[in-house]
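# Breakdown of the fold
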Amino acid sequence: MSPEPTNQKRGLLERLDQGPVICAEGYLFELERRGYLQAGAFVPEVVLEHPLAVDQLHREFVRAGSDVVEALTYYAHREKLRMIGKEDVLEQLNRQALQIARSVAADYDVLVAGDICNTNVYAAGDRASEEAVAKMFDEQVAWATDAGVDFIVAETFSFLGEALLALKAIRRAGLPSVVTLAIHKEGTLRDGHSPEAACRALEDAGADVVGLNCARGPATMLPLLERIRQTCTGRLAALPVPYRTRPEEPTFQSLTDPGMSDLPGGRSFPTALDPFVCTRYEIADFAKKAWALGVRYQGVCCGAGPHHIRSMAEALGKTPAAGRFSADMSKHYALGTDARLKAHNIDFAKQL
Ligand SMILES: [Zn+2]
């Protein structure tokens, strides 16, 4: 009998059985802010044009506590590339994104995830669209499988039917799956299912982890997670956007800013959401509440910065490398408590 390997990397399901797994998302928004891709189409051309920018952001998220390097193949599918007239670089872009993720993950004890998402081609009840979508998933999943990913994330689906097609493609490849849904204003999937019924259907169809990502902030995602927990028996995922959504405006696309009347497109989404950004403490609070519900796979989606991921990681008991620089105000010149600080500055604190 051969001995158990001791240096083998633990897989996703094993890690989830042992504790929380954090997956940083939101690459498109962060790279848009940094000037490497365009809001609107949101196609990750940065992968080919500035691969070091993607590499660096992966590393920042891992330093902040992400247990997963998610290849930046979100919106790198055939329909999106066609939309910007670059279908010819589809495969090259996918393979390069996967290679960048792999090379970063090789430097840490983290997992590599492939990523597929809503195609914008799917139309409920349209067989031709279902076949086209299945083909798009199969080609992306095949590139991810070639790259040796540990599992595949299928995300931001607003049709259960499309999410099920994505799950089937992942299962055909024999890889673990995390399938997450984006729930828009009306609170149901576009094909009429409740979030909890859709998650249950995905679980019954063999998804390893099911849940929600994107669209909703912590405050309007948590109530849905409670219902999903009551309906599903397996592993759950939650990756909200870091924005202060509320019942009247439950999604980041629906947020309105009374102080701004002439925004492009008449709404804050996607480039004027700054006034709504959650603090890292609100993300920590979400992480603890979701964990208490039994949500073991967590992350933050569009809008997330490394500080949000670090806060989530620390709230869940992890000690990320960047935690070395988590706030300690005791040595602040005026607000601190350190005995070496100058008394005249401490006295000045009330005037700050
Ligand atoms: Zn998102």
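Residues numbered from 1 in each chain as written. Predicted model: local features only at pLDDT ≥ 70, side-chain atom pairs only at ≥ 80, totals over all residues.

### Section: the sheet that holds strand β8 (residues 295–298)
Stated formally: Note on pairing: DSSP must find at least two bridges between two strands before they are called paired. Helix numbering and strand numbering both begin at the N terminus, where a helix is a DSSP run of H or I of at least 4 residues and a strand a DSSP run of E of at least 2. Placing C-beta atoms from the backbone, we regard two residues as in contact once those atoms come within 7 Å. All axes here are fitted lines through C-alpha atoms, helices being fitted over the stretch that makes contact, and every angle between N-to-C directions spans 0 to 180 degrees.
The sheet built from eight strands is open, its strands ordered β1-β8-β7-β6-β5-β4-β3-β2 with parallel pairing. Edge positions in the open sheet fall to β1 (21–22) and β2 (68–70), since each of these has one partner strand only. One ladder, built from four bridges, connects strand β4 (residues 151–157) with strand β5 (residues 177–181); its direction is parallel. Within β5, the position partnered with Phe 157 by the bridge is Leu 181. Where helix α9 (residues 195–204) meets the sheet, it contacts β5 and β6 (209–213), and its direction lies at approximately 145° from that of β6.

### Regarding the pairing of strand β7 (residues 235–239)
How we decide: Remark: C-beta atoms are placed from the backbone, and a residue is labelled buried if 20 or more other C-beta atoms sit within 10 Å of its own, exposed if 12 or fewer do, or partly exposed between those counts. Note on handedness: a crossover is taken as right-handed if, strands pointing away from the viewer, the path from the first strand over the helix to the second is clockwise.
In terms of burial, β7 is a largely internal element, five of the five residues being buried. Both faces of β7 are covered, namely the face carrying Arg 235, Ala 237 and Leu 239 and the face carrying Leu 236 and Ala 238. Where β6 meets β7, five bridges bridge the pair, whose relative direction is parallel. Across the sheet, residue Asn 213 finds its bridge partner in β7, namely Leu 239. In this region the chain leaves β6, passes through helix α10 (residues 218–231) and returns to the parallel neighbour β7; the handedness of that crossover is right-handed.

### Notes on the packing of helix α7 (residues 127–146) against helix α8 (residues 160–173)
The following threshold applies: Angular relationships are summarised with four words: roughly parallel below 35 degrees, roughly antiparallel beyond 145, roughly perpendicular across 65 to 115, and oblique for the angles in between. A crossing counts as left-handed when the near helix is turned anticlockwise from the far one by less than a right angle, and as right-handed when that turn is clockwise. For this classification, the nonpolar set comprises Ala, Val, Leu, Ile, Met, Phe, Trp, Tyr, Cys and Pro, the charged set comprises Asp, Glu, Lys and Arg, and every other residue, Gly included, is treated as polar.
Orientation of α7 relative to α8, taken along the N-to-C sense of each, is 40°, at an axis distance of 9 Å. In terms of orientation, α7 lies oblique with respect to α8. Like other packed secondary-structure pairs, α7 and α8 cross with a definite hand, here right-handed. Between α7 and α8, the residues in contact are Glu 130, Val 133, Ala 134, Phe 137, Asp 138, Val 141 and Thr 145 and Glu 162, Leu 165, Ala 166, Ala 169, Ile 170 and Ala 173, respectively. In the contact of α7 with α8, the residues fall into nine nonpolar, one polar and three charged.

### As for the environment of Ala 132
Residue position: Ala 132 is located in helix α7. Ala 132 gets classed as partly exposed once you count the C-beta atoms within 10 Å, which come to 16. On a C-alpha basis, the gap between Ala 132 and Glu 248 in space is 36 Å, while along the polypeptide they are 116 residues apart.

### Thoughts on the packing of helix α4 (residues 51–64) against helix α12 (residues 306–315)
Remark: α4 packs on α12, axes separated minimally by 8 Å, with the N-to-C direction vectors making an angle of 25°. Taken together, the axes of α4 and α12 are roughly parallel relative to one another. Note that α4 runs across α12; the crossing there is right-handed. Counting all contacts with α4, which are made through Glu 60, Phe 61 and Ala 64, the residues of α12 involved are Pro 306, Ile 309, Arg 310 and Ala 313. Of the residues assigned to the contact of α4 with α12, the class counts are five nonpolar, no polar and two charged.

### A word on unusual backbone geometry
Glycine aside, the phi torsion of most residues is negative, and most peptide linkages are trans. Phe 269 connects to Pro 270 through a cis peptide bond whose omega is -5°. Here Pro 270 is to be found in the loop between β7 and α11 (280–292). Even without being a glycine, Phe 42 presents a positive backbone phi close to 55°. Inspection of the secondary structure puts Phe 42 in the loop between α2 (27–33) and α3 (46–49). A positive phi angle, near 60°, is found at Cys 214, a position not held by glycine. The topology assignment puts Cys 214 in the loop between β6 and α10.

### Notes on the nonpolar core
So the rule is basically this: In this usage, the nonpolar core is the set of buried Ala, Val, Leu, Ile, Met, Phe, Trp, Tyr and Cys residues whose C-beta atoms join them within 7 Å.
Core analysis: the biggest nonpolar cluster contains 108 residues, and Ala 113, Ile 152, Ala 163 and Ala 166 have the highest contact counts within it. Residues contacting Ile 152, with those up to four places away along its chain left out, are Ala 113, Gly 114, Ile 116, Val 141, Ala 144, Ile 170, Leu 175 and Ser 177.

### Describing α12
Among the 10 residues that make up α12, eight are buried, leaving the element largely enclosed by the rest of the structure. By the burial criterion, the buried members of α12 are Pro 306, His 308, Ile 309, Arg 310, Ser 311, Met 312, Ala 313 and Ala 315. The inward-facing, buried residues of α12 contact β1, α4, α11 and β8. Once α12 finishes, Gly 317 follows within two positions and takes phi at roughly 85°, a positive value.

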